[in-house]
Amino acid sequence: RMQAPEILARGPWPLEQVTTRWIEDSFEPSDAKVQAADAAIRELQERGSPSHDGVAARLVNFNCDGDGLHVELQPLRWALRLVPGDASASLAALCVTRAADGRWLAGRRAPWVSSWAGRWALGAGGAVDAGESPADTLVRELREEWAVEPERVRGEALLRLPQDLVMFVGQAWLSAGDEDAVTPDSEHDEFAWWPAEIERWPPEAGEALPLMARWLAE
């Protein structure tokens, strides 16, 4: 059975209430993690992925109060997110994206991508870059993956997945008519606008996506 993520903090928060502090010290992984990350990158390249290793963000600490969500981050090697069962608290952002009429943007991930290859996902997502705020990652990923800017966007939650990948989830709405401007990048080989009514979603939505959507729609 699918393991549920741990909810670390629940919004919603306006993006200006999501603040980030970066510490200088980079995360130092064990030798075993380094070797596992090396192997994962090799496997990606053998699948024909253009993914390149780099520097991303790791969640060190967080605080949620009346003023919003405050996260403390440090640099870490991007490939550590790929280590099976232990992503070292690498931080990713997921921007669940809606049309003005409530429909949900879904895309099928290309076979070569590092996560959810060949599976359908909601909106846009990716690693938080070194020095970046996860609030800014939401908008950047939507622009890079779908070539659109949101009319409005908010932070929804900070989650920890069972493999110790931390995810900052946001929800964005496009202006009326902008759904026609959506253009997928090479990370997707198909996309669709799923109905606003989650019970009408197609079978390829699986279990996890409707669960998340219902939770966000509450």
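See the structure above.
Definitions and cut-offs
Residues numbered from 1 in each chain as written. Predicted model: local features only at pLDDT ≥ 70, side-chain atom pairs only at ≥ 80, totals over all residues. Heavy atoms only, no water. Phe/Tyr/Trp six-rings, centres within 6.5 Å; stacked < 30°, edge-to-face > 60°. Helix = DSSP H or I, 4+ residues; strand = E, 2+ residues; numbered from the N terminus. Buried < 20%, exposed > 50% of the residue type's maximum accessible area, 1.4 Å probe, protein only. Lys NZ or Arg CZ within 6 Å of the ring centre and 35° of its normal. Expected span 1.5 Å × (residues − 1). Core = buried A, V, L, I, M, F, W, Y, C linked by side-chain atoms within 4.5 Å. Salt bridge = Lys/Arg side-chain N within 4 Å of Asp/Glu carboxyl O. Arc of directions from axis to C-beta. Contact = heavy atoms within 4.5 Å.

A. Focus on the packing of aromatic side chains. Tallied over the entire structure, the rule returns five aromatic pairs. Plain terms: the ring middles of W104 and W201 are 5.6 Å apart, the flat faces sit at 75° to each other, and that makes the pair edge-to-face. With W104 in strand β6 (residues 104-109) and W201 in the loop between β11 (188-194) and α3 (208-217), this residue pair connects regions lying 97 residues apart in the sequence. On the numbers, 5.6 Å between centres and 35° between planes, the contact of W120 with W194 is tilted. Taken together, the residues span a long stretch of sequence, with W120 in strand β7 (residues 120-122) and W194 in strand β11 at a distance of 74 residues. Its relative accessible area of 9% is what places W120 among the buried residues. Positioned over the ring face of W173 is R152, at 4.2 Å from the centre of the ring.

B. Fine view of unusual backbone geometry. That bond from G11 to P12 is cis: its omega, 10°, falls within 30 degrees of zero. Secondary-structure assignment places P12 in strand β1 (residues 6-14). Phi at A89 takes a positive value of approximately 60°, unusual for a residue other than glycine. Locating A89 in the fold gives a position in the loop between β4 (68-77) and β5 (91-98). The class of A89 is buried, set by a relative accessible area of 4%. The backbone phi angle of A147 is positive, close to 60°, even though this residue is not glycine. Within the secondary structure layout, A147 lies in the loop between α2 (134-146) and β9 (152-160).

C. Examining α2 more closely. Under the 1.5 Å per step criterion, the end-to-end length of α2 is 18 Å for 13 residues, consistent within 8% with the ideal 18 Å. For α2, the tally of buried residues reaches 10 of 13 residues, placing the bulk of the element in the interior. If you check which residues of α2 are buried, you get P134, A135, T137, L138, V139, R140, E141, L142, E145 and W146. Of the residues one or two after α2, A147 is the one with positive phi, at around 60°.

D. How the structure looks around the nonpolar core. Of all hydrophobic cores here, the largest spans 32 residues; its most connected members are L69 and L158. Every element with two or more residues in this core is listed here: β1, β3 (55-65), β4, β5, α2, β9 and β10 (166-173). Looking at this core element by element, the count peaks at five residues for α2. In this structure, A106, L165, W201 and M212 belong to the second largest nonpolar core, which totals 23 residues.

E. Highlighting the pattern of salt bridges. Enumeration over the complete set of coordinates arrives at 20 salt bridges. Ionic pairing is found between R21 and E72, a salt bridge with its closest N-O pair at 2.0 Å. Placement of R21 in strand β2 (residues 18-22) and of E72 in strand β4 is noted, with a sequence separation of 51 residues between them. As a salt-bridge pair, E156 and R154 come within 2.7 Å of each other at their nearest N and O atoms. On the accessibility criterion, E156 (1% relative accessible area) is buried. A network of salt bridges, in which partner residues are shared, links D129, E132, R140, E141 and E144.

F. Expanded view of helix α1 (residues 31-46). The end-to-end C-alpha distance of α1 is 23 Å, a good match for the 22 Å that 16 residues give at a rise of 1.5 Å each. Within the sequence span of α1, burial applies to K33, A37, A40, I41 and L44. For α1, the buried positions fall inside an angular range of 100° around the axis, keeping them on one side. Relative to its buried face, α1 has exposed residues pointing more than 90 degrees away, namely D31, A32, Q35 and E46. Of the surrounding secondary structure, the elements contacted by the buried residues of α1 are β4.

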